[in-house]
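Below are the chains, spelled out letter by letter.
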Amino acid sequence: MSLAKLLNFHHILMLSLFTGAANGYYCYQWLQCIYSSPDLSDMVFIEGYYFNKYLFIQFNSTVGKFVGFTEFGVANAEKWNKDLSLLQQTRAQVDAFCKPNAVIAKSAIYDKTVQPKVKLSSVMPDDSRHPALVMCSAYDFYPQPIKVFWLKDGRVVTSDVTSTEELPNGDWLYQIHSVLEYTPKSGEKISCVVEHASFEKPMIYDWDPPAPQFEWDIQLLFTIESVGLLLGIIVAAAGFIYYEIKSTEKSIVPQ
């Protein structure tokens, strides 16, 4: 069974006594709609009256009448229960108040989804004795439940994985991070899989690791050597052409 959903509505009246202190007296009404079934069949309406956080009268739709918890509350509960029009109106709040608001809340909040923005990044080791770390981060998603796991060559990774919980951003959105330790192997395919309510199917993000530093050095050296060789060929060709031109000029000069 899913966790119970709760709609709260407060009506607060504060009576302040200016006696040199900042304290006040609070009398307020608290309306609650509690349910856990998707079809709202177990909806319960609770109307409570409080004075300084102390409950003195409550109506619960499962009881069907007002109940008092203090002398003042009992007197008023008996009076309200004798008012059949008020009692009938309060009993009807499950259908007239709770269920319509639950449908609105479900459409506006519970059914809304925001797709996560997924990013893969790495921390390469300084030497081959330490494993490499690759992190899969999912940002700005809603609702909170999400599943992030790793694949190596299509097989689920069950070890060397560290993940955070879903972290709230403070704006209804969440983020999560999962880190995989691995030793780079030629031809090995590493992927991050994200399952979320905003996706129609699990999304797979393949990891494209950066080339090791020595490979970059070899490529850079090869590029420099190629440019140098090409430059040498150009200079040699230019010298040969210049020599030919000078030789031609000398052959046509009269003796």
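To be clear, the structure that these remarks concern was listed above.
As for the overall build of the protein chain
- Across its full length, the protein chain holds 4 helices and 14 strands.
- Burial status across the protein chain gives 27% buried among its 255 residues.
- Considering only contacts within the protein chain whose residues lie at least 6 apart along the sequence, 49% involve residues at least 24 apart.
- In the form shown here, the protein chain has an accessible surface area of approximately 17,900 Å², with 60% of it arising from carbon and sulfur atoms.

Remarks on the nonpolar core
- Grouped together as the largest cluster of nonpolar side chains are 21 residues, with contacts concentrated most on Ile-146, Val-148, Trp-150 and Cys-192.
- The set of elements that each furnish at least two residues to this core consists of β7 (132-141), β8 (146-152), β12 (174-182) and β13 (190-196).
- Ranked by the residues each element gives to this core, the list is headed by β7, at 5 residues.
- Residues in contact with Cys-192, not counting those within four places in the same chain, are Leu-120, Cys-136, Val-148, Phe-149, Trp-150, Met-203, Ile-204 and Tyr-205.
- In terms of nonpolar packing, the next biggest core, distinct from the first, is built from 19 residues, Tyr-35, Phe-97, Cys-98 and Ala-105 among them.

Details of the side chain of Ser-36
- Secondary-structure assignment places Ser-36 in the loop between β2 (24-35) and β3 (44-51).
- Within the structure, Ser-36 has its side chain in polar contact with the side chain of Asp-42 (distance 2.7 Å).

Notes on the sheet that holds strand β14 (residues 203-206)
- Here we have 4 strands laid out as an open sheet, ordered β9-β8-β13-β14, and antiparallel in their pairing. Looking at strand neighbours, the two that pair on one side only are β9 (155-156) and β14, the edges of this open sheet.

Overview of the packing of aromatic side chains
- Applying the stated criterion across every chain yields a total of 11 aromatic pairs.
- Here Trp-30 and Tyr-50 contribute two aromatic rings whose centre-to-centre distance is 5.9 Å and whose plane-to-plane angle is 45°, an arrangement assigned as tilted. Of the two residues, Trp-30 is situated in strand β2 and Tyr-50 in strand β3; the sequence distance between them amounts to 20 residues.
- The exposure class assigned to Trp-30 is partly exposed, which follows from its relative accessible area of 23%.
- Judged by relative accessible area, Tyr-50 falls into the buried class, the value being 11%.
- Centroid distance Phe-56 to Phe-72: 5.7 Å. Interplanar angle 50°. Geometry classified as tilted. Of the two residues, Phe-56 sits in strand β4 (residues 54-60) while Phe-72 sits in helix α1 (residues 71-82), which places them 16 residues apart along the sequence.
- An aromatic cluster is present here, built from Phe-45, Tyr-49, Phe-59, Phe-66, Trp-80 and Phe-97 joined pairwise through their rings.

Section: the pairing of β8
- Taken across its 7 residues, β8 has 5 buried, putting it largely inside the fold.
- The pairing of β8 with β13 spans 7 bridges and is antiparallel. When the bridges of β13 are listed, Val-148 appears paired with Val-194.
- Here 2 bridges tie β8 to β9, and the two strands are oriented antiparallel to one another. When the bridges of β9 are listed, Lys-152 appears paired with Arg-155.

Topic: the state of the cysteines
- For the coordinates displayed, the defined rule picks out 2 disulfides.
- Sulfur-sulfur distance for the disulfide between Cys-33 and Cys-98 comes to 2.2 Å. A torsion of -75° about the S-S bond marks the disulfide between Cys-33 and Cys-98 as left-handed. You can see Cys-33 sitting in strand β2 and its partner Cys-98 sitting in helix α3 (residues 93-110), a full 65 residues away along the chain.
- A relative accessible area of 0% places Cys-33 in the buried class.
- The residue that forms a disulfide with Cys-136 is Cys-192, at a sulfur-sulfur distance of 2.0 Å. Judged by the sign of its S-S torsion, about -80°, the cystine formed by Cys-136 and Cys-192 is left-handed. In this pair, Cys-136 sits in strand β7 while Cys-192 sits in strand β13, placing the two residues 56 residues apart along the sequence.
- Residue Cys-192 is classed as buried on the basis of its relative accessible area, which comes to 0%.

Description of the environment of Ala-77
- Within the element layout of this structure, Ala-77 appears in helix α1.
- Each C-alpha atom, one on Ala-77 and one on Val-67, is 5.6 Å from the other, the two residues being 10 residues apart in sequence.
- The contact partners of Ala-77, leaving out residues within four places of it in the chain, are Ile-57, Phe-66, Val-67 and Gly-68.

Criteria and thresholds
- Residues numbered from 1 in each chain as written.
- Predicted model: local features only at pLDDT ≥ 70, side-chain atom pairs only at ≥ 80, totals over all residues.
- Heavy atoms only, no water.
- Helix = DSSP H or I, 4+ residues; strand = E, 2+ residues; numbered from the N terminus.
- Buried < 20%, exposed > 50% of the residue type's maximum accessible area, 1.4 Å probe, protein only.
- Contact = heavy atoms within 4.5 Å.
- Areas by Shrake-Rupley, 256 points an atom, 1.4 Å probe, with all protein chains shown as cover.
- Core = buried A, V, L, I, M, F, W, Y, C linked by side-chain atoms within 4.5 Å.
- Polar contact = N/O pair within 3.5 Å; in protein donor to acceptor, adjacent residues only side chain to side chain.
- Pairing = 2+ DSSP bridges.
- Phe/Tyr/Trp six-rings, centres within 6.5 Å; stacked < 30°, edge-to-face > 60°.
- Disulfide = S-S within 2.5 Å.

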